[in-house]
Amino acid sequence: MERFNTKKNLLRFLILVPFLFGGFIPNETMMPAFRMKKIVLDAGHGGSDPGNIGSKAREKDINLAVTLLVGKYIKENMPDVEVIYTRSDDSFPTLKQRPNIANVNKADLFISIHSNSAANKTAFGTETFVMGNKHFEANFDIVKKENSVILLEENYKEEYEGFDPSSPESYMMFNLMQKAYIGNSITLADRIETQFRENVGRKSRGVKQGPFYVLWTPSMPSVLIELGFLSNAEEEQFLMTKEGQEYMASAIYRSIKDYKSEIELN
Ligand SMILES: [Zn+2]
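Notes on the structure in this doc start here. Because the structure is a prediction, the values reported are computed rather than measured.

The rules we used
- Residues numbered from 1 in each chain as written.
- Predicted model: local features only at pLDDT ≥ 70, side-chain atom pairs only at ≥ 80, totals over all residues.
- Pairing = 2+ DSSP bridges.
- Helix = DSSP H or I, 4+ residues; strand = E, 2+ residues; numbered from the N terminus.
- Axes fitted to C-alpha atoms, helices over the stretch in contact; angles between N-to-C directions.
- Contact = placed C-beta atoms within 7 Å.
- Buried ≥ 20, exposed ≤ 12 C-beta atoms within 10 Å, placed from the backbone.
- Core = buried A, V, L, I, M, F, W, Y, C linked by C-beta atoms within 7 Å.
- Arc of directions from axis to C-beta.

### Here's the deal with the sheet that holds strand β4 (residues 126-131)
Part 1 of the reasoning: Pairing is mixed across the open sheet formed by six strands, whose spatial order is β2-β1-β3-β6-β4-β5. Of all strands in the sheet, those bounded by a partner on one side alone are β2 (82-85) and β5 (204-210). Each neighbouring strand pair of the sheet contributes to a mean axis angle of 20°, computed without reference to strand direction.
Part 2 of the reasoning: As paired strands, strand β1 (residues 38-43) and β2 are joined by four bridges and run parallel to one another. Residue pairing for β2: Ile39 is matched across the bridge by Val83.
Part 3 of the reasoning: The strands touched by helix α8 (residues 233-240) within the sheet are β3 (109-116) and β6 (222-229), with β6 carrying the most contacts at an inclination of about 115°.

Quick look at the structure:
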C-alpha cells in the first residue's frame, strides 16, 4: 500500500512538473520571433547641401528620387513594415539628426542612400558601406566628402565636439558602436550589391567599410549605399533617368525583402 502511494505520488509529481516549471524553462517556441517592423530611409544631403554634382545632376535630387521609390515599393509590398524618411523633400537634416530619427523610432534598419563622384571620370560602379575602419585609407576620400557636410552646419563645433571631418586623427574617436550589428549590416550590404550586379547589370565595387558619421550612432544594422558615380557621364545619365532610378530602387527593395526573410528565420 505504502509502495503504491509512493508510485502514485511520483506519477502525480511527474505530470505536474511541466505545469510547475514550464513557464520558467527557456523554450525557443516561447520567445517572440523577431519581426522587422520599421525601416528608416535616409536620402543623403538636401537643401543647401547638393552633395556631388555631375555635368547636370545633383546628388541630393537623385538620392531623394531613389529613396522615395524604395519607400513606395516597401509600402506597396510589405504592409507589415513601416517606412520613416529622414527627409521626403528638399530639406537638410543634419548628420546628427539622421541616425537620431532611427534611434528615437527604434527602427530595425537604417539605410542611407548616396551617389558618388571621383576625379577620375572613368570610375564607375556601385558600392555599399558598413561602419568600420578596415582599409580606411583607401576609402578616406569618400568618407571625408560625405562627413564634411558637417562643416555646412552653423554650430558644428559644439555639435560634433571638435570632430574635424578632414583630419584622419579625428577618426580615432570613432569607436565601433556598430560592432554589435556588423554581421547583419554586412548581410544586407551583400544582398544589395548582389542585386545591383545580377539584376540591374551594374558594376559592383563591393561591400566596404568606412567611418561615416551617419553610420556611427544608429543602434541597429545600418548601411550607406553609393548608387554610382555622377562624375562618369554614362552612369550620371543612367541615374538621371526615371527607369534607372526605378531599377536601382527595386534592387534595394528586393535586397531588403531577402534580408527580412533571412533574419526572421533565425
Ligand atoms: Zn553623399
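After that view of the structure, there is still more to cover.
### Quick look at the pairing of β4
Part 1 of the reasoning: Among the six residues that make up β4, six are buried, leaving the element largely enclosed by the rest of the structure.
Part 2 of the reasoning: When β4 meets β5, the two strands line up parallel, connected through five bridges. Pairing of Met131 across the sheet is with Gly210, part of β5.

### Things to note about the nonpolar core
Part 1 of the reasoning: With 47 residues, the main nonpolar core has Ile39, Ile111, Phe212, Leu215, Val223, Ile225 and Ile252 as its most contacted residues.
Part 2 of the reasoning: Contact partners of Phe212, with chain neighbours within four places excluded, come to Phe129, Met131, Val143, Glu146, Asn147 and Leu224.

### With respect to unusual backbone geometry
Part 1 of the reasoning: Even without being a glycine, His45 presents a positive backbone phi close to 65°.
Part 2 of the reasoning: By C-beta crowding, His45 is classed as buried, having 25 other C-beta atoms within 10 Å.
Part 3 of the reasoning: Phi at Lys106 takes a positive value of approximately 50°, unusual for a residue other than glycine.
Part 4 of the reasoning: Along the chain, the position of Lys106 falls in the loop between α3 (97-104) and β3.
Part 5 of the reasoning: Judged by the 10 C-beta atoms lying within 10 Å of it, Lys106 is exposed.

### Brief notes about α8
Part 1 of the reasoning: Those residues of α8 lying buried are Glu235, Glu236 and Leu239. The buried residues of α8 occupy an angular sector of 100° when projected down its axis, which confines them to one face.
Part 2 of the reasoning: Here the buried face of α8 lies against α2 (59-77), β3, β6 and α9 (242-265).

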